[in-house]
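Fold and geometry: a report
Spelled out from the first residue to the last, the chains are:
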Amino acid sequence: MDLRPLRLRERFNPARLRREVDIMKRLHHPNIIQFVDVFEDADHLMMIMEFCPGQELFDVILNRKYFQEEDAKPIFAQVARALFYLHSVNILHRDVKPENVLISNIPDPQTGGLVAKLLDFGLSKNAGNGSAAKTFVGTPCYVAPEVEYTSKGLGGTYSFPADCWSLGAVLYVMLVARFPEFEQDMTGKVVVKMNPALWGNVSNEAKDLIRGLMNTNPAARLTMSSALMHPWLGRYRATQEEISRTAV
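As a starting point, this report considers the structure included with it. It should be emphasised that the depicted structure is a prediction, and the values quoted were computed from it without experimental measurement.

Summed over all chains, the structure comprises 7 salt bridges. A salt bridge links Lys-73 to Glu-70; the shortest N-O distance between them is 2.7 Å. With a gap of 3 residues between them, Lys-73 and Glu-70 both fall in helix 3 (residues 69–88), about one helical turn apart. Residue classification places Glu-70 among the partly exposed positions, given a relative accessible area of 49%. Between Glu-242 and Arg-81 there is a salt bridge, with its nearest N and O atoms 2.8 Å apart. Here Glu-242 is found in helix 9 (residues 240–247), whereas its partner Arg-81 is found in helix 3, with 161 residues between them in sequence. For the pair shown, Glu-242 and Arg-81 are each scored as buried.

Have a look at this one:
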């Protein structure tokens, strides 16, 4: 990375780049791209990462038109496991989207299935020790409402539920190849819109999972552990033992 043009930006902060390196050094998970080493001089920052040829999930969605549910389940489960691991070590990703998920060209040696790797920790944040996230970052269409709230100068903070919302939006895009839309229900509550023309062939369990993750109330939103144990995942569901072991 050439640091020289970055220095011309008004809000350039070299500490932010080093924060990404510090976070990546801590992470060791099969569904997170592995950091190897870093080299830095006055004008360049060079990060060496795990070699993992493949495609962004966004490109895979475009090539397929959309994902069948059975094909989406293992990808969703792998990204959810990566996020659950991150949250268990107090890391908030803050930019979960299909462009930041790599689908490896190298299949899983045990199952022969697709392998997903979570990428790009440039916006990630250590949310431990009482540190609160309050900066508006992320990508439109995947940003949780409480994050957008901060962009309007209304204050407030957000935490791990913001990543959960974003993963719900990712699953939405995977299943129908459309960005999420919203409407008001009979009580006036804003809910994710599922037009029957698009969602008629999608199972009720998949819809329930997306609605749970994209609940506008962060306190009522599904957590990553809840998502991993959701019935929709079938044979890809996590057990309570696995959840407890990862959390420890």
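Turning our attention to helix 3. Over its 20 residues, helix 3 extends 27 Å from the first C-alpha to the last, a length consistent with the 28 Å expected when each residue adds 1.5 Å. Burial analysis of helix 3 places 17 of its 20 residues in the buried class, which makes it a mostly covered element. The first or second residue beyond helix 3 is Asn-90, which carries a positive phi of 65°.

Turning next to the layout of surface pockets. Taken as a whole, the largest pocket spans an internal volume of roughly 640 Å³. Within the residue set of the lining of the largest pocket, elements represented by two or more residues are helix 3 and helix 9. Broken down by element, the lining of the largest pocket gets its largest block of residues, 5 residues, from helix 3. The class makeup of the residues in the lining of the largest pocket is 14 nonpolar, 9 polar and 7 charged.

Two descriptors summarise a pair of aromatic rings, namely the distance from one centre to the other and the angle between the planes of the rings. Applying the stated rule across the entire model yields 4 aromatic pairs. Pairing Phe-76 with Trp-232 gives two aromatic rings, centres 6.0 Å apart and planes at 80°, and the pair type is edge-to-face. Separated by 156 residues along the polypeptide, Phe-76 in helix 3 and Trp-232 in the loop between helix 8 (224–228) and helix 9 bring together distant segments of the chain. Both residues of the pair, Phe-76 and Trp-232, count as buried.

Let us look at unusual backbone geometry. Glycine aside, the phi torsion of most residues is negative, and most peptide linkages are trans. In the Ramachandran plot, Lys-65 falls in the positive-phi region, its phi being about 80° despite a non-glycine side chain. Counting through the fold element by element, Lys-65 comes out in the loop between helix 2 (57–64) and helix 3. Non-glycine residue Arg-94 carries a positive phi angle of around 75°.

Rules used in this analysis
Throughout, residues of each chain are indexed from 1 in the direction in which the sequence is written. The model is predicted, so local features are restricted to residues of pLDDT at least 70 and side-chain atom pairs to those at 80 or more, both for listing and for counting; the totals for chains, interfaces and linings are taken over all residues. The side-chain values count all of the structure's non-hydrogen atoms but skip hydrogen atoms and water molecules. Any carboxyl oxygen of Asp or Glu within 4 Å of a side-chain nitrogen of Lys or Arg constitutes a salt bridge here. A helix here means a DSSP run of H or I that spans at least four residues, while a strand means a run of E at least two residues long, and both kinds are numbered starting from the N terminus. The buried label applies to any residue whose accessible area, calculated with a 1.4 Å probe on protein chains only, is under 20% of its type's maximum; exposed applies above 50%, and partly exposed to all values in between. In this analysis, the expected span of each helix is defined as 1.5 Å times one less than the number of residues it contains. Definitions used for this entry: grid spacing 1 Å over protein atoms alone; cavity, a set of points where a 1.4 Å probe fits but cannot get out; pocket, an open set with protein on both sides within 12 Å along at least 5 of 7 lines; lining residue, one with an atom within 4 Å of a point. Grid points are joined across faces, edges and corners, and a volume is the space filled by probe spheres set on the points. Just so you know the grouping, Ala, Val, Leu, Ile, Met, Phe, Trp, Tyr, Cys and Pro go in nonpolar, Asp, Glu, Lys and Arg go in charged, and all remaining residues, Gly too, go in polar. Two aromatic rings, drawn from Phe, Tyr or Trp (for Trp, its six-membered ring), form a pair once their centres lie within 6.5 Å of each other, and the interplanar angle then sorts them: stacked below 30 degrees, edge-to-face above 60, tilted otherwise.

In short, the description is geometric, and any link to function would need to be established separately.
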